[in-house]
Amino acid sequence: MNKSQVSTVTYFVLLGFPGPWKIQITLFSLILLVYMITLMGNMAIICAVRWNHQLHTPMYMFLANFSFLEIWYVTCTVPNMLVNFLSKSKIMSFSGCFTQFYFFFSLGTTECFFLCAMAYDRYLAICFPLHYPSIMTRQFCIILVSLCWIIGFFGHLIPISFISQLSFCGPNIIDHFLCDVDPLMALSCTPTPTIRHVFYSISTLIIVLTSLYILGSYTLVLRAVLRVPSSDGRQKAFSTCGSHLLVVSLFYGTIMVMYVIPTSGNSVAMHKIITLIYSVVTPALNPFIYSLRNKDMKYALRHVFFGKRIMQNS
């Protein structure tokens, strides 16, 4: 190939969900509504944990950080998607596309490690209740939270930087609503089997190892809960862990379909729908899942929405 033809792409066109103008407006309204629910729900949880001193515990500290993560996770994709619904050009710059690509996967990886940290917290609290306060100290919580963010943002840094250095000489049309690995790899003029293999190997390793850790933790938790003599104690443990397991199932179920299980036979439309579920819908459901079966959180959220600040009990 002539060198003058290499690396000529300076922007990408994200097709998103093509269709008539009425469908675009309908989708815009629905996605905007889900986005606002996500922001309000997760910000409410952060405020509830911040203002209610009874929620200043490791479990709610992880939950507040998780909600903060979810806000950024949807914000790195949804605003651009909303703009594209109303735009005729649907253009995204080369640097903007790879910035979104990096943050989307980094925040997704961070979410995997946060779910692990939350599973570890529940494992300690239920299986070792007497040692829990001495192990899960505030300092140890901060270390775990910091490690989740650091590992998450370094996990895909090298492969994504290599992908950004590939030659893109046209076409520049991405049949997706965000910059994902498969559409970008398909547009590259350079053969990419090694980089593709490295990227998917890292993704698969992170997803499989974290999911196995979470499943192992909750297997031990379930065994411990079944030994609790009090029915109220079992009910409270099941309520706390059940909401977490539901969030884990929604998130891991969809990302495994995309990045672990081969999906070459699935249509482009199916890939978009699956991505929409774990990147937009799931973050909107999480605040409801975590609060509906948690009496302390429901109490704190009522005070958040009514504008009353809960003071520390004297």
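Calculation notes
- Residues numbered from 1 in each chain as written.
- Predicted model: local features only at pLDDT ≥ 70, side-chain atom pairs only at ≥ 80, totals over all residues.
- Heavy atoms only, no water.
- Helix = DSSP H or I, 4+ residues; strand = E, 2+ residues; numbered from the N terminus.
- Buried < 20%, exposed > 50% of the residue type's maximum accessible area, 1.4 Å probe, protein only.
- Contact = heavy atoms within 4.5 Å.
- Areas by Shrake-Rupley, 256 points an atom, 1.4 Å probe, with all protein chains shown as cover.
- Expected span 1.5 Å × (residues − 1).
- Disulfide = S-S within 2.5 Å.
- 1 Å grid on protein atoms, 1.4 Å probe; cavity = no way out; pocket = protein on both sides within 12 Å on 5 of 7 lines; lining within 4 Å.
- Points joined across faces, edges and corners; volume = space filled by probe spheres on them.
- Nonpolar A, V, L, I, M, F, W, Y, C, P; charged D, E, K, R; others polar.
- Core = buried A, V, L, I, M, F, W, Y, C linked by side-chain atoms within 4.5 Å.
- Pairing = 2+ DSSP bridges.
- Axes fitted to C-alpha atoms, helices over the stretch in contact; angles between N-to-C directions.
- Phe/Tyr/Trp six-rings, centres within 6.5 Å; stacked < 30°, edge-to-face > 60°.
- Lys NZ or Arg CZ within 6 Å of the ring centre and 35° of its normal.

Chemist: What should I look at first to understand the overall build of the protein chain in this one?
Modeler: Check the secondary structure of the protein chain and you find 12 helices and 3 strands. Looking at the protein chain as a whole, 48% of its 314 residues are labelled buried. Taking the contacts inside the protein chain whose residues are at least 6 apart along the sequence as the reference set, 80% of them involve residues at least 24 apart. For the protein chain, the accessible surface area stands at approximately 15900 Å², while carbon and sulfur atoms represent 69% of it.

Chemist: How should helix α1 (residues 21–51) be read in this particular structure?
Modeler: An α-helical turn contains 3.6 residues, so a residue and the one three or four places further along point in the same direction. Counted at 1.5 Å a residue, the expected span for α1 with its 31 residues is 45 Å, and the 44 Å between its end C-alpha atoms agrees. Considered for burial, the residues of α1 that qualify are Q24, F28, I31, Y35, T38, L39, G41, N42, A44, I45, A48 and V49. On its buried face, α1 is in contact with α2 (58–75), α3 (78–86), α11 (268–292) and α12 (295–305).

Chemist: Would you mind showing me how to read the state of the cysteines here?
Modeler: Note: disulfide means a covalent bond formed between the sulfur atoms of two cysteine side chains. Within this structure, the stated rule accounts for 2 disulfides. Each disulfide pairs two cysteine sulfurs, and for C97 the partner residue is C179, the sulfurs being separated by 1.9 Å. Looking down the S-S bond of the C97 and C179 bridge, the torsion is -125°, so its handedness is left-handed. Of this pair, C97 sits in helix α4 (residues 94–127) while C179 is found in the loop between β3 (173–174) and α8 (181–187), placing the two residues 82 residues apart along the sequence. Both residues of the pair, C97 and C179, belong to the buried class. Through a disulfide, C169 is tied to C189; the S-S separation comes to 1.7 Å. Across the disulfide from C169 to C189, rotation about the S-S bond amounts to roughly -130°, and the bridge is consequently left-handed. Residue C169 is found in the loop between α7 (157–164) and β3, and its partner C189 is found in the loop between α8 and α9 (193–226); the two are separated by 20 residues along the sequence. Shown here for the protein chain is a disulfide pattern of 1-3, 2-4, where each number marks a bonded cysteine counted in sequence order. Not part of a disulfide, C148 finds its nearest cysteine sulfur in C116, a span of 7.9 Å.

Chemist: How should I be thinking about empty space enclosed by the protein in this particular structure?
Modeler: Gaps between atoms show up when a probe of the same size as a water molecule is rolled over them. Counting across every chain of the model gives 2 cavities of 30 Å³ or more. Its boundaries defined by the atoms lining it, the largest cavity holds a volume of some 150 Å³. Looking at the lining of the largest cavity, the elements with two or more residues in it are α4, α9 and α10 (231–259). Considering each element in turn, the lining of the largest cavity owes the most residues, 5 residues, to α4. Its residues assigned to classes, the lining of the largest cavity comprises 10 nonpolar, 4 polar and no charged. Considered as a void within the structure, the second largest cavity measures approximately 60 Å³ in volume. Considering the residues around the second largest cavity, the lining is formed by L15, G16, F17, Q24, M81, N84, F85, K90 and F177. In terms of residue count, α3 provides more of the lining of the second largest cavity than any other element does, 3 residues in total. Classifying every residue of the lining of the second largest cavity by side-chain character gives 5 nonpolar, 3 polar and 1 charged.

Chemist: What's the story with the side chain of T254 in this structure? I'm lost.
Modeler: Take T254: it is sitting in helix α10. Apart from residues no more than four positions distant in its own chain, T254 is found in contact with I274, I277 and Y278.

Chemist: Just checking my understanding: could you explain unusual backbone geometry for this structure?
Modeler: Leaving glycine aside, a negative phi is the common case for residues, and trans is the common case for peptide bonds. Although it is not a glycine, K90 adopts a positive phi angle of roughly 55°. By the element assignment, K90 lies in the loop between α3 and β2 (91–93). In this structure K90 comes out as buried when scored by relative accessible area, which is 14%.

Chemist: I'm lost on the nonpolar core in this one. Help?
Modeler: If you look at soluble globular proteins, the nonpolar side chains tend to sit buried side by side. Core analysis: the largest hydrophobic core is formed by 92 residues, its most contacted members being F12, F101, L115 and Y259. Of the residues forming this core, the biggest block, 17 residues, is contributed by α4. Discounting residues that sit within four places of it in the chain, F101 has contacts with I160, I163, C179, D180, V181, L184 and F199.

Chemist: What exactly am I supposed to notice about the sheet that holds β2 here?
Modeler: Sheets are built from strands that pair by backbone hydrogen bonding, the pairs being arranged parallel or antiparallel. If you walk across this open sheet you meet the 3 strands as β2-β1-β3, and the pairing is mixed. Two strands bound the open sheet, and with one partner strand each, they are β2 and β3. Inspection of the sheet shows strand β1 (residues 11–14) paired to β3 by 2 bridges, in the parallel sense. Looking at the pairing, L14 lines up with I174 of β3. Running at roughly 80° to β2, α4 makes contact with β1, β2 and β3 of the sheet.

Chemist: Please clarify how the packing of aromatic side chains should be interpreted in this entry.
Modeler: Remark: the centre distance and the inter-plane angle together describe each pair of aromatic rings, the angle taken between the planes. Tallied over the full model, the rule gives 26 aromatic pairs. Their ring planes at 5° and their centres at 5.4 Å tell us that Y73 and F104 sit as a pair that is stacked. On the criterion of sequence distance, the pair formed by Y73 in helix α2 and F104 in helix α4 is long-range, its members being 31 residues apart. Considered together, Y73 and F104 belong to a single accessibility category, that of buried residues. A centroid spacing of 5.8 Å and a plane angle of 80° characterise the contact between F114 and W149, whose relative ring orientation is edge-to-face. One end of the pair, F114, is in helix α4; the other, W149, is in helix α6 (residues 138–155), and 35 residues separate them in sequence. Through successive ring pairs, a cluster of aromatic residues spans F12, Y73, F94, F98, F101, F104, F105, F168, F199, Y200 and Y278. One Lys or Arg, K272, reaches over the ring of F17 and ends 5.7 Å from the middle of that ring.

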